[in-house]
Amino acid sequence: MAQLQRITIASAQFHNQQITLTAEQQHYLCRVLRLQSGDRFIAMDGMGKWWLAQLADTEANILQELTVKTELPVAVTLIIALPKGNGFDEVIRCCTELGVTYFAPVVSDRTLLNPSPQKLERWRRIAKEAAEQSERTTVPTILEPVSFISSLSFVTNQKYICEARGDYPHLLSCLQNQEDERSDLSSQKTIVIATGPEGGWTDTEVEIAIQAGFQPVSLGRRILRAVTAPIVALSLVAAACEL
Ligand code: SAM
């Protein structure tokens with residue numbers, strides 16, 4: 001099954017074991033991938049399901065539902081102060097591969113980027129392509145950018161804010177402590193992690209986050225770029241809950 005191409009299909013395109021393909025999907029399957037009628041591919045709905053499908057002109061027939069287990073056992077929300085330039089594109093690609101569930105891009109006091117509505121469309125396309133490439137069953141949701149302060153209301157007891165300086169516990173040890181306490185990290189429903197912009201969080205932002213229940217954490221002794229920090233944080237979560 002590994003060598004079959006994967007494409008994401010909207011749920012409205014599924015009718016009675018058949019998929020109505022859009023012109024763009026037909027072009028991709030037939031012209032780009034050079035599939036022909038009768039060839040098989042994997043259709044994913046981006047919400048947890050995969051099907052083996054067979055191309056039949058402008059449609060595809062569903063042959064069988066597939067069982068795939070590539071998702072992390074925890075839902076991870078990444079609150080990310082938007083990095084400058086196209087830095088968020090790389091974060092979306094890598095963190096999607098690593099298993100993130102939600103991206104919550106935020107504008108913080110020191111954020112330099114002012115995102116346009118077109119960016120959101122582009123980000124969602126990148127997440128879809130990265131989920132297909134990494135054989136995930138779920139395409140991460142990218143929320144509309146909001147101010148950092150209004151992103152702090154997530155309800156979970158595992159909320160971390162990454163701080164580049166200061167004497168804070170390492171994210172990995174916090175995750176492992178939770179694991180020891182509960183003996184099974186997967187019993188945690190959601191982990192929320194916030195990473196800052198190039199200039200870092202302001203002291204006030206860290207204070208407000210702490211008041212909202214966030215634990216400040218370190219990702220190690222070196223100062224990571226705003227693009228590197230979320231990738232490291234997601235890698236630590238994956239290591240802690242998949243081992
Ligand atoms: N300009 C800031 C300074 O010099 O302190 C550094 C900001 S860093 C480039 C961008 C963001 O990455 C930080 O706000 C933090 O969230 C995260 N980060 C980078 N290195 C980190 C580390 N070693 N531990 C925890 N978070 C880190």
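Residues numbered from 1 in each chain as written. Predicted model: local features only at pLDDT ≥ 70, side-chain atom pairs only at ≥ 80, totals over all residues. Heavy atoms only, no water.

Time to look at the overall build of the protein. The secondary structure content of the protein amounts to 6 helices and 13 strands. For 243 residues, the compact-globule formula gives about 18 Å, and the C-alpha radius of gyration of the protein, at 20 Å, lands near that figure. Dimensions of the protein, computed from the C-alpha atoms along their principal axes, are close to 60 × 45 × 30 Å. Across the 243 residues of the protein, 46% fall into the buried class. Relative to all contacts within the protein whose residues are 6 or more apart in sequence, the contacts with residues 24 or more apart total 73%. Counting every atom, the protein has about 12500 Å² of accessible surface; 48% of that belongs to carbon and sulfur. When the 22 positive and 27 negative side-chain charges of the protein are each reduced to one mean point, those points stand 4 Å apart. (Helix = DSSP H or I, 4+ residues; strand = E, 2+ residues; numbered from the N terminus. Rg over C-alpha atoms; globule rule 2.2 N^0.38 Å. Buried < 20%, exposed > 50% of the residue type's maximum accessible area, 1.4 Å probe, protein only. Contact = heavy atoms within 4.5 Å. Areas by Shrake-Rupley, 256 points an atom, 1.4 Å probe, with all protein chains shown as cover. Lys, Arg positive; Asp, Glu negative; His and termini not counted. Charge placed at Lys NZ, Arg CZ, Asp CG, Glu CD.)

Take the site of the ligand next. Lining the immediate environment of the ligand, one finds 20 residues, of which Cys 162, Arg 165, Gly 196, Leu 219 and Arg 222 sit closest. At 3.0 Å from a nitrogen atom of the ligand is found a main-chain nitrogen or oxygen belonging to Gly 220. Here a nitrogen atom of the ligand and a backbone polar atom of Arg 222 are 2.7 Å apart. In the complex, 88% of the free accessible area of the ligand, which totals 580 Å², lies under the protein chains. Across the shell around the ligand, the residue classes tally to 10 nonpolar, 6 polar and 4 charged. (Near = heavy atom within 4 Å. Polar contact = N/O pair within 3.5 Å; in protein donor to acceptor, adjacent residues only side chain to side chain. Nonpolar A, V, L, I, M, F, W, Y, C, P; charged D, E, K, R; others polar.)

Let us look at the sheet that holds strand 4 (residues 40–44). In spatial order, the strands read 1-4-5-6-3-2; together these 6 strands make up an open sheet with mixed pairing. Both edges of this open sheet fall to strand 1 (6–8) and strand 2 (14–15), since each of them pairs with a single strand only. Sheet topology places strand 1 next to strand 4; 3 bridges connect them, and they run parallel. Each residue of the ladder has a partner; that of Ile 7, found in strand 4, is Ala 43. Against the sheet, helix 1 (residues 23–32) contacts strand 1, strand 3 (18–20), strand 4 and strand 5 (50–56), and its axis sits at roughly 175° relative to strand 1. Helix 3 (residues 117–133) rests against strand 1 and strand 4 of the sheet, and its axis sits at about 145° to strand 1. (Pairing = 2+ DSSP bridges. Axes fitted to C-alpha atoms, helices over the stretch in contact; angles between N-to-C directions.)

Turning next to the environment of Lys 189. Positionally, Lys 189 belongs in the loop between helix 4 (171–182) and strand 12 (190–195). When the C-alpha atoms of Lys 189 and Pro 73 are compared, they prove to be 8.4 Å apart, with 116 residues separating the residues in sequence. The contact partners of Lys 189, leaving out residues within four places of it in the chain, are Val 74 and Ala 75.

What follows is about the nonpolar core. One recurring pattern in soluble globular proteins is that nonpolar side chains are buried together. Residues Phe 103, Leu 171 and Val 237 are the most contacted members of the largest nonpolar core, which totals 46 residues. Looking at this core element by element, the count peaks at 9 residues for helix 6 (residues 228–242). Both domain 1 (6–66) and domain 2 (75–242) contribute no fewer than three residues apiece to this core. (Core = buried A, V, L, I, M, F, W, Y, C linked by side-chain atoms within 4.5 Å. Domains from an automatic or database assignment.)

This part is about the packing of helix 2 (residues 87–98) against helix 6. Two elements in contact, helix 2 and helix 6, have axes whose closest approach is 9 Å; the angle formed by their N-to-C orientations is 0°. The angle between helix 2 and helix 6 places the two elements in the roughly parallel class. Mapping the contact onto sequence places Val 91, Cys 94, Cys 95 and Leu 98 in helix 2 and Pro 230, Ile 231, Leu 234, Ser 235 and Ala 238 in helix 6. Taken together, the residues that form the contact of helix 2 with helix 6 break down as 8 nonpolar, 1 polar and no charged. (Parallel < 35°, antiparallel > 145°, perpendicular 65-115°, else oblique.)

Attention now goes to helix 5 (residues 203–211). Listed as buried for helix 5 are Glu 205, Val 206 and Ala 209. Looking down the long axis of helix 5, one finds its buried residues gathered within 100° of arc, a one-sided arrangement. Looking at helix 5, the residues exposed on the side facing more than 90 degrees away from the buried face are Asp 203, Thr 204 and Gln 211. Looking at the packing, one finds that the buried side of helix 5 touches strand 11 (159–162). Backbone geometry just downstream of helix 5 places Gly 213 in the positive-phi region, at approximately 100°. (Arc of directions from axis to C-beta.)

Let us look at the domain arrangement of the protein. It is common to give the size of an interface as the accessible area that goes away when the parts come together. The domain boundaries assigned to the protein delineate domain 1 (6–66) and domain 2 (75–242). Listed as interface residues are 10 residues of domain 1 and, on the opposing side, 9 residues of domain 2. Carbon and sulfur atoms supply 49% of the area that domain 1 and domain 2 bury against each other, a total of about 720 Å² over both sides. Contact with domain 2 buries surface across domain 1, with Arg 6, Thr 8 and Trp 50 losing the most and accounting together for 57% of the total. (Buried area = accessible area lost by both parts, 1.4 Å probe.)

Moving on to the pairing of strand 8 (residues 102–107). Of the pairings in the sheet, the one linking strand 7 (residues 75–81) to strand 8 comprises 5 bridges and is parallel in character. Across the sheet, residue Ile 79 finds its bridge partner in strand 8, namely Ala 104. Assessed by its sense of winding, the connection that carries the chain from strand 7 through helix 2 to strand 8 is right-handed. Pairing of strand 8 with strand 9 (residues 141–142) involves 2 bridges; the strand directions are parallel. Note that in strand 9 the partner of Tyr 102 across the bridge is Thr 141. (Right-handed = clockwise from strand over helix to strand, strands pointing away.)

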